[in-house]
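Structural features, examined
Below are the chains, spelled out letter by letter.
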Amino acid sequence: MSDQRVPDLHNVVGGEHVTGRASFDKINPVDGSLAATVQEAGRDTVDAAVSAARKALDGGWGDTPVNERARLLRRVADRIEERFEDFVAAEVRDTGKPAALVRQLDVARAAINFRSFADTVASAGLDSFLTELPDGRRALNYAVNKPLGVVAVIVPWNLPLLLLTWKVAPALACGNAVVVKPSEETPSTATLLAEVMAEAGVPSGVYNVVHGFGPGSAGEYLATHPGIDGVTFTGESSTGSAIMHAVAPSVRPVSFELGGKNAAVVFADADLDATLDGLARSVFLNTGQVCLCTERVYVERAIFDDVAAGLVEKARALKLGRPEAPDTTTGPLISGQHRNKVQSYLDLAVQEGADVLVGGGVPDLGDDLAGGAWIEPTLWTSLDNASRVVREEVFGPVAALIPFDSEEEAVRLANDTDYGLAAAVWTQNLERGHRVAQRMRVGMAWVNTWYLRDLRSPFGGVGLSGIGREGGMHSLHFYSEPTNVCVQL
Ligand code: NAD
């Protein structure tokens, strides 16, 4: 059961807890109760946070030896594990996700993120080479990697701690100081991480937190701040576009992980049981609120009915309920506002002529949960790529099932989107698996699996799904500025 005490979450500036210009309520999406009150940062607080970060950077953090930074990051990972259940409680309170999922995915990955980037930065070598010109001159070239500087980290609510640490860990590994702006829907774990940073011995000012909304609030003030040296952002494509405009006058680098409308392509030779397990996970994990989730399922016509029936069965087996209940598989959406958006897409699907196979509305889970942001897992057929619900990101536990007749058609349909984040190909013909995966116009393509990650691999999207790649050395490249030194010998 949840803690009765409602926390009042403060901004964290140079290690100090700071009140804001106003306070707003964070609502628990499980039942509509008050989860926390949050201090919204005004422009002055964002100014102070950027100044604190600059001071920490210039005060020595930027020159800290790599091994010392790696040691501190490992200490942060240890401390996250020591306070594991505090993080679980905070994340569950904000999101309503099943506690088991938060343990297995969100909090576990936060510790892994810090260890992984500690290892990457500690083992990264530098390039150097000899230049020999036709006139006989010789020179030694090498590069010195420096931090980018003060990095603005703006993140969404769907995997709050996981996505925050995915950016903060490499940024700190490279010697940057950060000002983070968690989503207004999930302010808790970013605030708790500030405590862990201090406990691990990370100097104050290296990690700062400002709370609030996007436009006219902390998000906009941070993205437009002249004192930042770059923005790393995860969220909606339209927000990415707004941030790009915001940083354009000062020409700052951006790394954007944006929305998706991801396809699964299921061939008739796929292992049906394994495919149904994988498909169900890819459509319904985290109530469909993972950027990588599948919302378009293209199925070879010979097995279309079997896949549709199997997936409906999986949807019916999901158990919506309180996060702490051991049999809960599926939590609510993040908020009533997001539920209204998802519901409007379900209504639109029907208006566009969809045959709804399962779900389509708000479930009745009893009086206890009536104030929550619940939605039924939903599948439909009979719409093609021309329909708006097959083109626009819904970000809920929903998918369209669409038949195809040839490999060529499947590739064309899967790539017929403005997004380009992820795809999954299901087939026992591995040659075809490789071939089709390579033809997907996406950042990540899986074969016979989904969301299996090695943190050294490049992560990001094409088209509306983002700019740049993070992960392993890709992250180190974004979060550092190399200076080439050329010495004539
Ligand atoms: P969002 O874009 O609404 O908000 C993300 C963050 O940006 C929040 O902290 C918000 O306050 C802030 N923000 C909003 N407007 C801003 C502005 N004008 N200037 C500065 N900051 C602003 O996204 P969301 O609803 O929180 O998250 C869901 C979206 O995130 C989905 O589209 C999903 O696909 C995407 N996402 C992408 C990835 C990825 O890796 N590609 C991962 C997770 C989520």
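Quick notes on the rules
- Residues numbered from 1 in each chain as written.
- Predicted model: local features only at pLDDT ≥ 70, side-chain atom pairs only at ≥ 80, totals over all residues.
- Heavy atoms only, no water.
- Helix = DSSP H or I, 4+ residues; strand = E, 2+ residues; numbered from the N terminus.
- Expected span 1.5 Å × (residues − 1).
- Buried < 20%, exposed > 50% of the residue type's maximum accessible area, 1.4 Å probe, protein only.
- Contact = heavy atoms within 4.5 Å.
- Pairing = 2+ DSSP bridges.
- Axes fitted to C-alpha atoms, helices over the stretch in contact; angles between N-to-C directions.
- Parallel < 35°, antiparallel > 145°, perpendicular 65-115°, else oblique.
- Left-handed = near helix turned anticlockwise from the far one by under 90°.
- Nonpolar A, V, L, I, M, F, W, Y, C, P; charged D, E, K, R; others polar.
- Domains from an automatic or database assignment.
- Buried area = accessible area lost by both parts, 1.4 Å probe.
- Salt bridge = Lys/Arg side-chain N within 4 Å of Asp/Glu carboxyl O.
- Phe/Tyr/Trp six-rings, centres within 6.5 Å; stacked < 30°, edge-to-face > 60°.
- Core = buried A, V, L, I, M, F, W, Y, C linked by side-chain atoms within 4.5 Å.
- Near = heavy atom within 4 Å.
- Polar contact = N/O pair within 3.5 Å; in protein donor to acceptor, adjacent residues only side chain to side chain.
- Areas by Shrake-Rupley, 256 points an atom, 1.4 Å probe, with all protein chains shown as cover.

1. Here we look at helix 11 (residues 336-351)
- Helix length check: helix 11 (16 residues) gives 22 Å between terminal C-alpha atoms against 22 Å at 1.5 Å per residue, within 8%.
- Regarding helix 11, the residues found buried are His338, Arg339, Val342, Gln343, Tyr345, Leu346, Leu348 and Ala349.
- Positioned one or two residues after helix 11, Gly353 has a phi angle of 105°, which is positive.

2. Observations regarding the environment of Lys319
- Looking at where Lys319 falls in the secondary structure, it is placed in the loop between helix 10 (304-317) and helix 11.
- Overall, the relative accessible area of 37% leaves Lys319 in the partly exposed class.
- Through-space distance from the C-alpha of Lys319 to that of Thr329 is 5.2 Å; in sequence the pair is ten residues apart.
- Each residue touching Lys319, except ones within four places of it in the same chain, is listed here: Asp327, Thr328, Thr329 and Thr330.

3. Brief notes about the sheet that holds strand 6 (residues 128-132)
- Spatially, three strands are ordered 6-7-21 in an open sheet, and the strand pairing comes out antiparallel. Taken across any chain shown, the strands that pair with only one partner, and hence form the sheet edges, are strand 6 and strand 21 (480-488). Shown here is a sheet whose adjacent strand axes are inclined to one another by a mean of 25°, direction ignored.
- Sheet topology note: the strand 7 (residues 138-147)/strand 21 ladder contains nine bridges and is antiparallel.

4. A word on the packing of helix 2 (residues 66-82) against helix 4 (residues 99-123)
- With their axes 8 Å apart at the nearest point, helix 2 and helix 4 run at an angle of 165° to one another. Classified by the interaxial angle, the pair formed by helix 2 and helix 4 is roughly antiparallel. Of the two elements, helix 2 crosses helix 4, and the hand of that crossing is left-handed. Contacts between helix 2 and helix 4 involve Val66, Asn67, Ala70, Leu73, Arg74, Val76, Ala77, Asp78, Ile80 and Glu81 on the former and, on the latter, Val107, Ala110, Ala111, Phe114, Arg115, Ala118, Asp119, Val121 and Ala122.
- Residues belonging to the contact of helix 2 with helix 4 are distributed by class as follows: 13 nonpolar, one polar and five charged.

5. Section: helix 5 (residues 160-173)
- The terminal C-alpha atoms of helix 5, which comprises 14 residues, lie 20 Å apart, in line with the 20 Å expected from a rise of 1.5 Å per residue.
- For helix 5, a buried count of 14 out of 14 residues is recorded, marking the element as mostly surrounded by other parts of the structure.

6. Re the domain arrangement of the protein chain
- Domains assigned within the protein chain are domain 1 (2-258 + 464-488) and domain 2 (262-454).
- A separation of 30 Å is found between the C-alpha centroids of domain 1 and domain 2.
- In total, domain 1 and domain 2 occlude about 2,300 Å² of area from one another, counting both sides; carbon and sulfur atoms represent 60% of this.
- The interface formed by domain 1 and domain 2 holds one salt bridge in total.
- A salt bridge links Asp31 to Arg322; the shortest N-O distance between them is 3.4 Å.

7. Quick word on the packing of aromatic side chains
- Inspection of every chain in the model, using the stated rule, returns eight aromatic pairs.
- Between Phe478 and Tyr479 the ring centres are 5.0 Å apart and the planes differ by 85°, which places this aromatic pair in the edge-to-face class. For the pair Phe478 and Tyr479, a shared accessibility class is recorded, and that class is buried.
- Pairwise contacts between aromatic rings join Phe117, Trp166 and Phe459 into one cluster.

8. Considerations on the nonpolar core
- Residues Ile80, Phe114, Val168, Leu193, Tyr207 and Leu292 are the most contacted members of the largest nonpolar core, which totals 118 residues.
- With eleven residues, helix 4 is the single largest residue contributor to this core.
- Here this core gathers at least three residues from each of two domains, domain 1 (2-258 + 464-488) and domain 2 (262-454).
- When sequence neighbours within four positions are dropped, the list of residues in contact with Leu292 reads Asn262, Leu421, Ala422, Met444, Trp446, Trp450, Tyr451 and Phe459.

9. Notes on the site of the ligand
- Neighbouring the ligand are 30 residues; Lys181, Glu184, Thr239, Leu258 and Glu393 lie closest to it.
- In the environment of the ligand, an oxygen atom lies 2.9 Å from a nitrogen or oxygen atom belonging to the side chain of Trp157.
- Glu393 is positioned such that a nitrogen or oxygen atom in its side chain is 2.6 Å from an oxygen atom of the ligand.
- In the complex, 92% of the free accessible area of the ligand, which totals 850 Å², lies under the protein chains.
- Looking at the shell around the ligand, its residues break down into 15 nonpolar, nine polar and six charged.
- Both domains that furnish three or more residues to the shell around the ligand are identified here as domain 1 (2-258 + 464-488) and domain 2 (262-454).

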